[in-house]
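So the chains spell out like this:
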Amino acid sequence: MRYRRLFLLALIIMVQAVVQFGLGRSILSNRGLADAFPTHPRHGLTSDIRTAYIIPGGSSSGSVSIFGALLSARDVNKDILVYDAAPFGGYRRNVFSGCIQSVSNAKTVGLGTWSGGACVATGFSGLGVRGSAWPIIYGMDDTAALQSEVDALGANQRLILRETHLIHDTVVFKNKTGGEFGGVTANGQVRSLPFTGSNLVWVGPARKPMFKFENSGGMYIHDLHFVGNSNPGNRPSAFIDIAQTIRVPIPNRFAGISNMAGGAWDNPPGGWDNVDNGIYIEPGFAGSPHEFINMRFYNVGTACFNDQNSAKPGPEFSDITCQHARVVLYCVNGGSVSFSGATETLTVV
């Protein structure tokens, strides 16, 4: 039952936690909500994620030595994430996000960064300073393959991710009506093999969202574990960005979306910011009455929910957790939201 509607000129709730649902709470699958969709399974994505270590003694040219894996020319242009050699409580900051630019031999590779669709050689000095090894995650970039599947997703179709996928650019849902895009559970981890969950790992630059929904409605998005990036130069602007310039007749439903604390090397409980906003709703003249159910966000730089759209109707929230964030909910210019289900307990500090 809708029991509260907030009409705000500018509301900033400064928080440290939503206390009713803590880190120990397991997120249950929301796939049962999809029963209303006549679905046709779509599969076209596979994962080739690997882990290894960089041996101390890297050069400023970007060439590094690897142990724990044997690489070949097939690994050129794959995404790579490098984590600090010095752990903090068992976790490590991201210190480099880019691509494998070259492979000299099975244990020597050159690092690069993405520029205009090309992997350009990039020096990364400092690898030789620490005495410990640097954990890495690497694998094929799935941005283009995932975007292709999203573009082909129809109103009566389903796309379920069951593995871990690296992306270095925004995946855009544009002018979509209906359809289901989801995973198997909102819990996930990418710290050690075998990875578990339906993970989307960001390797792109800062100030870009991982997913963007443009003038799309009636979709069911569920059970996805987003892995941001603690490196300020690679921290995404949002896990999900919503931009509506037209009023969609049916709202989207988002359920079981998370970036579980402890699920990545650089996302410890109470740790480093790895995303600017959990959900970012862009300014616009059309309302965004989307539903957000069973959301779990941690280590957020700006706000778990940042609603910049003052048009009505506003979004509806039910069963949310926001921990280690500067702001739980930010609304501007008379924006409105609804809380339903009486499941939210906000602690204001």
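What counts, and where the lines are drawn
- Residues numbered from 1 in each chain as written.
- Predicted model: local features only at pLDDT ≥ 70, side-chain atom pairs only at ≥ 80, totals over all residues.
- Heavy atoms only, no water.
- Helix = DSSP H or I, 4+ residues; strand = E, 2+ residues; numbered from the N terminus.
- Buried < 20%, exposed > 50% of the residue type's maximum accessible area, 1.4 Å probe, protein only.
- Pairing = 2+ DSSP bridges.
- Contact = heavy atoms within 4.5 Å.
- Core = buried A, V, L, I, M, F, W, Y, C linked by side-chain atoms within 4.5 Å.
- Disulfide = S-S within 2.5 Å.
- Phe/Tyr/Trp six-rings, centres within 6.5 Å; stacked < 30°, edge-to-face > 60°.
- Lys NZ or Arg CZ within 6 Å of the ring centre and 35° of its normal.
- Salt bridge = Lys/Arg side-chain N within 4 Å of Asp/Glu carboxyl O.
- Patch = residues over 30% accessible without salt bridge, like charges linked within 9 Å, V, L, I, M, F, W, Y side chains within 5 Å.
- Areas by Shrake-Rupley, 256 points an atom, 1.4 Å probe, with all protein chains shown as cover.
- Polar contact = N/O pair within 3.5 Å; in protein donor to acceptor, adjacent residues only side chain to side chain.

**Student:** I'm lost on unusual backbone geometry in this one. Help?
**Tutor:** Most peptide bonds take the trans form, and the phi angle of most residues other than glycine is negative. Between leucine 193 and proline 194 the backbone carries a cis peptide bond, its omega angle lying at 0 degrees. Along the chain, the position of proline 194 falls in the loop between strand S14 (180-182) and strand S15 (199-202).

**Student:** Is there a simple way to explain the pairing of strand S10 (residues 134-139) in this structure?
**Tutor:** One face of the sheet, then the other: side chains in a regular strand alternate in exactly this way. Taken across its six residues, S10 has six buried, putting it largely inside the fold. Covered by surrounding structure in S10 are Trp134, Ile136 and Tyr138 together with Pro135, Ile137 and Gly139, the residues of both alternating faces. By the bridge criterion, five bridges tie strand S4 (residues 50-55) to S10 in an arrangement that is antiparallel. Considered in S10, the bridge of tyrosine 53 is made with proline 135. As paired elements, strand S6 (residues 79-83) and S10 share four bridges and run antiparallel to each other. Bridging from a neighbouring strand, valine 82 pairs with isoleucine 136 of S10.

**Student:** Got a minute to help me understand the environment of glycine 287 in this structure?
**Tutor:** Tracing the backbone through its elements, the reader meets glycine 287 in the loop between strand S20 (275-281) and strand S21 (291-307). Between the C-alpha atom of glycine 287 and that of glutamine 244, which follows or precedes it by 43 residues, the distance is 7.4 Å. Ignoring anything within four residues of it in the chain, the contact list for glycine 287 reads Gln244, Arg247, Asn309, Ala311, Lys312 and Pro313.

**Student:** Could you clarify how one ought to interpret the nonpolar core in this entry?
**Tutor:** For soluble globular proteins, the rule of thumb is that nonpolar side chains tend to be buried together. Formed by 39 residues in total, the largest nonpolar core has its most connected members in Phe181, Phe211, Ile240 and Phe305. At seven residues, strand S22 (residues 316-332) tops the list of elements feeding residues into this core. If we ignore the near neighbours within four places in the chain, the residues touching phenylalanine 181 are Leu146, Val150, Leu153, Leu159, Leu161, Phe173, Phe211, Tyr220, Ile221, His222 and Leu224. Of all hydrophobic cores here, the second largest spans 16 residues; its members include Ala52, Ile80, Trp134 and Tyr138.

**Student:** How should the state of the cysteines be read in this particular structure?
**Tutor:** As used in these notes, a disulfide is a covalent bond between sulfur atoms, one from each of two cysteines. Taken as a whole and judged by the stated rule, the model has two disulfides. Bridging cysteine 99 to cysteine 119, the disulfide has an S-S length of 2.1 Å. Its S-S torsion of approximately 100 degrees makes the covalent link between cysteine 99 and cysteine 119 right-handed. Residue cysteine 99 is found in strand S7 (residues 94-105), and its partner cysteine 119 is found in strand S9 (residues 118-121); the two are separated by 20 residues along the sequence.

**Student:** Can you walk me through the pairing of strand S18 (residues 238-243) in this structure?
**Tutor:** By the criterion of burial, S18 is predominantly enclosed, with six of the six residues buried. Here S18 pairs with S20 via four bridges, running parallel. Each bridged residue has a counterpart across the sheet, and for aspartate 241 the counterpart in S20 is tyrosine 280.

**Student:** How do you make sense of the packing of aromatic side chains when you look at a structure like this?
**Tutor:** The description of two aromatic rings rests on the distance between their centres and on the angle between their planes. In the structure shown here, the tally under the stated rule is 15 aromatic pairs. For the pair phenylalanine 173 and phenylalanine 211, a centre-to-centre distance of 5.4 Å together with 55 degrees between the ring planes defines the contact as tilted. Of this pair, phenylalanine 173 sits in strand S13 (residues 171-174) while phenylalanine 211 is found in strand S16 (residues 209-214), placing the two residues 38 residues apart along the sequence. The two residues phenylalanine 173 and phenylalanine 211 agree in class, both being buried. Centre to centre, the rings of phenylalanine 213 and phenylalanine 254 are 5.2 Å apart; their planes meet at 90 degrees, and the pair counts as edge-to-face. Residue phenylalanine 213 is located in strand S16, and its partner phenylalanine 254 is located in strand S19 (residues 253-258); the two are separated by 41 residues in the primary sequence. Residue classification places phenylalanine 213 among the buried positions, given a relative accessible area of 1%. In textbook terms, an aromatic cluster arises when at least three aromatic residues are bridged by ring pairs, as seen for Phe173, Phe181, Phe211, Phe213, Phe226, Phe239, Phe254, Phe292, Phe297, Phe305 and Phe317. One residue, arginine 92, lies across the ring of tryptophan 265, its end atom 5.2 Å from the ring centre. A cation over an aromatic ring shows up here: arginine 191 above the ring of tryptophan 265, its NZ or CZ 5.0 Å from the ring centre.

**Student:** Mind showing me how you'd approach the pattern of salt bridges here?
**Tutor:** Should their charged atoms come close, side chains of opposite charge can pair. Here the structure, examined in full by the defined rule, presents eleven salt bridges. Among the salt bridges present, the one from aspartate 48 reaches lysine 78, with a minimum N-O distance of 2.9 Å. With a gap of 30 residues between them, aspartate 48 in the loop between strand S3 (41-42) and S4 and lysine 78 in the loop between strand S5 (63-67) and S6 connect regions that are remote in the sequence. One salt bridge connects glutamate 282 with lysine 212, and the closest N-O pair in it is separated by 3.3 Å. Of this pair, glutamate 282 sits in the loop between S20 and S21 while lysine 212 sits in strand S16, and the two are 70 residues apart along the sequence. Via salt bridges that share partners, Lys174, Lys212, Glu214 and Glu282 belong to a single interconnected network.

**Student:** Would you explain a nonpolar patch on the surface in this entry?
**Tutor:** Nonpolar side chains collect at one region of the surface, where Tyr53, Ile55 and Phe67 lie side by side and expose about 240 Å² of accessible area between them. Position of phenylalanine 67 relative to the elements: it lies in strand S5.

**Student:** Any chance you could explain the side chain of asparagine 94 here in plain terms?
**Tutor:** Structurally, asparagine 94 is set in strand S7. For asparagine 94, a relative accessible area of 4% gives the class buried. Within the structure, asparagine 94 has its side chain in polar contact with the backbone oxygen of valine 82 (distance 3.5 Å). Separated by 2.9 Å, the side chains of asparagine 94 and serine 97 make a polar contact. Setting aside residues no more than four positions away along its own chain, asparagine 94 makes contact with Leu81, Val82, Tyr83, Asn229, Ser230, Asn231 and Asp266.

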